[in-house]
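# Residue-level structural notes
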Amino acid sequence: MIRVKNLIKHANSTRILRGVSFDVAPQTVLGIIGASGSGKTTLLRCLNGLERIDGGMIECDSIMLEAKLSASEYGRRVKELRRKVGTVFQHLYLFPHLTVLGNIVEAPTHVLHVSKEKAEAEARELLDSVGLSDKARRYPESLSGGEQQRVAIARALAMHPALLMFDEPTSALDPKRSAGLRSLLRGTVSRGHTMVIVSHAIGFLDGLADQLLYIEGGEVVEFGDTDRILNSPSDPRTQDFVAQAK
Amino acid sequence: MFRELLRLLFIAAVCLLCLTSARAQKPLRWGADPSGGAPYVFNDPQHPDQYIGYEEEMADALAAAMGRKAEFVPSDWETLVSALQRRSFDVIINGLEPTADRQKQIQFSKAYYIFQLALTVRKDEQQIHSLADCKQRVVGTLGNTAASRLLQKEGIPIRGYADPVAAYRDLELKRIDAVIMDVPAEVFYVSKSTTLKRAGEPFFRGTYNIGLRKGDDALKAEVDAAIDLIIRDGSLEQILRRWGLWNDAQLELQNPIKAGQRNVDVAYDMTSVTFNWREAVWRLTRAAVVTVLIAFASMFIALSLGMPLAIGQWKGPRWLQWLCTAYVEFFRGTPVLVQLLFLYFGLPTIGLAMPASLTALIGLGLNYAAYESQVYRAALEAIPRGQWEASYLLGMSPLLAFRRIILPQAFRIALPPMTNDFVSLFKDTSTAYAISVWELATAYRELANASGQFLLLGVAVSLYYLAMSLPMAHLARRLERRLQRREAIEAVEAEIAV
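Everything numeric here is computed off the predicted structure, so don't read it as measured data.

Helix and strand counts for chain A stand at nine helices and ten strands. Seen along its three principal axes, the alpha-carbon backbone of chain A occupies a region of about 50 × 45 × 30 Å. Across chain A, the fraction of contacts at a sequence separation of at least 24, relative to all contacts at a separation of at least 6, is 61%.

Spelled out as structure tokens, the structure:
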């Protein structure tokens, strides 16, 4: 599903990603862990095309992004890529001038040109599945942080992405709500989505992510099954991080 | 011999004493409007710090005849009478006609000049030969003069101007069909013109007198005597001849005085102000409509031009950013009044002559576009980058994201300052008086000057402005509230639910 090879990204003169490589199989959940400033958010922004890569390549559901592509070709492929990828930001960025329902149907009606009735019916189903069926006519501002996040998830799902990406999904949630989110995401995976979750909350990923990738200083330190990384990490740096996070 | 010498010395001493005492006399402070005041009194084009003009020379001659020194106090035509009453100067010498309404406020010396009115048209004009041919035409003249009152009485459409240059220029540019002016001004401007000509013979016969405060009877006697003196010794005639203003009409005035007659009482025409409230209100209402139209049309220009400016300055290539910034800084950094004058009087020199009201609404529109672009830009920049990114990640193109996501949010931020600007644009329409657009401020100025009803008309005009700007502000507030209410209600509901 995702293949990343030797990915390099600069910002000004500093290298943020120094040759990152990994693969994700379809319908699996990859957790990207690491301390703040390790480059994990930048990696996510490269995967969804918000940042242009400076070296290496990304292949995502047979769409290839390569550093050597021309700007226009790169832009064209990013557009294609975005049809397959849904992203939920740490800060969500719901559209404050639209209702919950409006937030969800905006892209299907204007990008995919789905009829309004059909999009709204689908949106109501999605809201139902995230437990917000009674909030359709509300504005995001009046919802709690957890509810807003579920709206953002529904908004991403409405575009039928094959791949879902989350940036620090638990940063604004208390432990109880985190557990709720985890079960919601589990349900989403069971319906066939592949997922990439950037987080520093190892506890949240335990039992959700199939694989973990530990990143430090823009390099992959360790990549493997969640159980193995959490229980018997081989690299001392990973051992340190896991021990501290626990 | 020695005695003889002593006597001579004594006489010389007395003469010197007389002279010095004359020097010690208070100067004759006279007021007039020098701007566009040729040939009465105006800035010497060769020496802009000096004033010249036939009345300037006459004032010097008068003062000399009175044993005084003339001291010129530059003032404003429209407010000459009140400035005299405020003691800014002691006499008005500015081709002032002793109308009945002025005589209620001040007194006048005897006449020193007989003026006539002359009609001016373009050289190629075939149809206009007299005032009677002007019934359906627009005729320009100075505000609050014998000519303007005459036109008003005849029911001929007037364009009021603040100075003759502007009136004759507009005639050349075909913005009006004819100009009526007192003969002195007409002689000065039209005799040299290659494009304008006199239509028919000068008509009407009025007098110029010197204005004095009521109660200054001693000064009036002194001034009257001095007028007699400069007429009798021919110095006034010399001055008038030098300025090309001598004509047979002056003989009527001067001959009896030269013949030694004391009281000359020739009957002259005199215009009077016909002011009635119903007409004033009607004219104010028309002016208010013009004001509203200019305000709305220029706001429309400002709002539509502001957007491309804002986007150009915000996201455009470097040269475009530079261009937009230059535009904004130019229009924000110079007074709108100067911009209007430039558009109205400057552009015709490159062959672009627009009517006054069109100039006003374009000028104000261009000016406010600069302000609106900054309101837009600030509002657009206030939208977090995440809103763009979220839109892109949902597959939207930049244009779609802008239209559906960014613009609606920016609009709410921009609405209050936009309303503010609109109300201030509304009031800025008053600058259009500088280019003689008949809007509320012009109407106020002209009606109030004609009637002296500054206070009452001022209240009426203020009410008009308020009647127009208050509903606007109210409407904008309602719109703002409507945009916010939705969220507010939601928020309250949420509170209750918790």
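Residue and element names in this part refer to chain A. Here helix 4 (residues 116-129) is 14 residues long and its end C-alpha atoms lie 20 Å apart, about the 20 Å a rise of 1.5 Å per residue gives. As for helix 4, its buried residues are in contact with helix 3 (100-110) and helix 5 (145-157). Phi turns positive one or two residues past the end of helix 4, at G131, with a value near 75 degrees.

Let us now look at the packing of helix 2 (residues 54-65) of chain B against helix 9 (residues 235-242) of chain B. Relative orientation and spacing of two packed helices are given, respectively, by the angle between their axes and the distance between those axes. Residue and element names in this part refer to chain B. Axis separation between helix 2 and helix 9 bottoms out at 10 Å; the angle between their running directions is 165 degrees. As summarised for this structure, helix 2 and helix 9 are arranged roughly antiparallel, according to the angle between their axes. In this structure, helix 2 crosses over helix 9, and the sense of that crossing is right-handed. Here helix 2 contributes Y54, E57, M58 and A61 to the contact with helix 9, which in turn contributes S235, L236, I239 and L240. Considered class by class, the residues forming the contact of helix 2 with helix 9 number six nonpolar, one polar and one charged.

In this section: the interface of chain B and chain A. Across the boundary between the two partners, chain B contributes 20 residues, which contact 20 residues of chain A. Within the residue set of the side of chain B that touches chain A, elements represented by two or more residues are helix 15 (385-393), helix 16 (398-428) and helix 18 (454-497) of chain B. A class-by-class count of the residues in the side of chain B that touches chain A yields ten nonpolar, four polar and six charged.

Take the sheet that holds strand 5 (residues 63-66) of chain A next. All names here are of chain A. Strand order in the open sheet formed by four strands is 2-1-4-5, with antiparallel pairing between adjacent strands. Both edges of this open sheet fall to strand 2 (14-24) and strand 5, since each of them pairs with a single strand only. For this sheet, the mean angle separating the axes of adjacent strands, direction not counted, is 20 degrees. Direction of pairing for strand 4 (residues 55-60) relative to strand 5: antiparallel, over a ladder of four bridges. Counted as the bridge partner of E59 is M64 from strand 5. Contacts from helix 1 (residues 40-47) reach strand 1 (2-11), strand 2 and strand 4 within the one sheet, and its direction differs from that of strand 2 by about 65 degrees. Taken strand by strand, helix 2 (residues 71-84) contacts strand 4 and strand 5, and its axis lies near 135 degrees from that of strand 5.

Take the pairing of strand 10 (residues 196-212) of chain B next. The two faces of a sheet get side chains in turn, since along a regular strand they alternate between them. All names here are of chain B. Of the pairings in the sheet, the one linking strand 5 (residues 91-96) to strand 10 comprises three bridges and is antiparallel in character. By the bridge assignment, I92 is partnered in strand 10 with G211. Pairing geometry for strand 6 (residues 107-122) and strand 10, over eleven bridges, is antiparallel. Each residue of the ladder has a partner; that of F115, found in strand 10, is G206.

Before going further, it helps to spend a moment on the nonpolar core. Residues A154 and V196 of chain A are the most contacted members of the largest nonpolar core, which totals 75 residues. Take this core: its biggest share by element is six residues, from helix 5 of chain A. With sequence-adjacent residues up to four places away left out, A154 of chain A is seen in contact with I104, L126, L127 and V130 of chain A. Within the second largest apolar cluster, 74 residues are counted, among which are A32, L84, F108 and W243 of chain B.

Here the focus is the pairing of strand 1 of chain A. Residue and element names in this part refer to chain A. In terms of strand pairing, strand 1 meets strand 4 through five bridges, oriented antiparallel. Looking at the pairing, K5 lines up with M57 of strand 4. Note that strand 1 and strand 2 share eight bridges and pair antiparallel. Bridged to V4 within strand 2 is F22. Between the antiparallel neighbours strand 1 and strand 2 lie two residues, among them N12 with a positive phi of about 55 degrees.

Glancing now at the domain arrangement of chain B. The domain architecture assigned to chain B consists of domain 1 (25-114 + 207-258), domain 2 (118-204) and domain 3 (277-497). Distance between the C-alpha centres of domain 1 of chain B and domain 3 of chain B: 47 Å.

Turning our eyes to something else, we now look at the environment of V91 of chain B. All names here are of chain B. Note on placement: V91 falls in strand 5. Distance from V91 to Q25, taken between C-alpha atoms, is 16 Å for residues 66 residues apart in sequence. Excluding residues that lie within four positions of it along the chain, V91 makes contacts with L28, W30, I210, G211, L212 and V223.

Residue and element names in this part refer to chain B. Among the residues making up helix 9, those that are buried are L236, I239 and L240. Taken end-on, helix 9 shows its buried residues confined to a sector of 95 degrees, consistent with a single buried face. Buried-residue contacts for helix 9 involve helix 2, strand 6, helix 8 (217-232) and helix 10 (248-258). Note on helix 9: the residue one or two positions beyond its end, G244, has a positive phi of about 70 degrees.

All names here are of chain A. Taken together, the six strands give an open sheet; going across it, the order is 6-7-8-3-9-10, and neighbouring strands pair in mixed fashion. Two strands in the sheet have a free side with no partner beyond their single neighbour: strand 6 (85-88) and strand 10 (219-225). Within the sheet, the average angular offset between the axes of one strand and its neighbour, ignoring direction, is 15 degrees. The sheet contact formed by strand 3 (residues 29-33) and strand 9 (residues 211-216) spans four bridges and is parallel. Following the sheet pairing, G31 is matched in strand 9 by L212. Helix-sheet contacts for helix 5 involve strand 6 and strand 7 (163-167), and the interaxial angle to strand 6 is about 170 degrees.

For the rest of this paragraph, the subject is the confidence of the model for chain A. Taken over all residues, the pLDDT of chain A has a mean of 90, while the share at 70 or more is 100%. Element-level mean pLDDT values for chain A span from 85 in helix 6 (residues 175-190) of chain A up to 95 in helix 3 of chain A.

Residue and element names in this part refer to chain B. Across the interface, helix 11 (residues 277-315) lies against helix 12 (residues 318-333) with an axial gap of 7 Å and an inter-helix angle of 130 degrees. In terms of orientation, helix 11 and helix 12 fall into the oblique class. Helix 11 and helix 12 meet at a crossing whose hand is left-handed. When helix 11 is examined against helix 12, the residues L309, G312 and Q313 are found in contact with a partner set consisting of L320, Q321, C324, T325, Y327 and V328. A class-by-class count of the residues in the contact of helix 11 with helix 12 yields five nonpolar, four polar and no charged.

Looking now at the environment of K258 of chain B. Residue and element names in this part refer to chain B. Mapping K258 onto the fold places it in helix 10. Distance in space between the C-alpha atoms of K258 and F300 is 66 Å, their sequence separation being 42 residues. Other than its neighbours up to four places away in sequence, K258 contacts I231 and R232.

Backbone torsion omega between A38 of chain B and P39 of chain B reads 0 degrees, so that peptide bond is classified as cis. For H160 of chain A, which is not a glycine, the phi torsion comes out positive at approximately 50 degrees. The topology assignment puts H160 of chain A in the loop between helix 5 and strand 7. Its identity is not glycine, yet F204 of chain B carries a phi of approximately 70 degrees, on the positive side. Relative to the helices and strands, F204 of chain B resides in strand 10.

What counts, and where the lines are drawn
Residues numbered from 1 in each chain as written. Chains lettered and ligands numbered in written order. Predicted model: local features only at pLDDT ≥ 70, side-chain atom pairs only at ≥ 80, totals over all residues. Helix = DSSP H or I, 4+ residues; strand = E, 2+ residues; numbered from the N terminus. Contact = placed C-beta atoms within 7 Å. Expected span 1.5 Å × (residues − 1). Axes fitted to C-alpha atoms, helices over the stretch in contact; angles between N-to-C directions. Parallel < 35°, antiparallel > 145°, perpendicular 65-115°, else oblique. Left-handed = near helix turned anticlockwise from the far one by under 90°. Nonpolar A, V, L, I, M, F, W, Y, C, P; charged D, E, K, R; others polar. Pairing = 2+ DSSP bridges. Core = buried A, V, L, I, M, F, W, Y, C linked by C-beta atoms within 7 Å. Buried ≥ 20, exposed ≤ 12 C-beta atoms within 10 Å, placed from the backbone. Domains from an automatic or database assignment. Arc of directions from axis to C-beta. pLDDT = per-residue confidence, 0-100.

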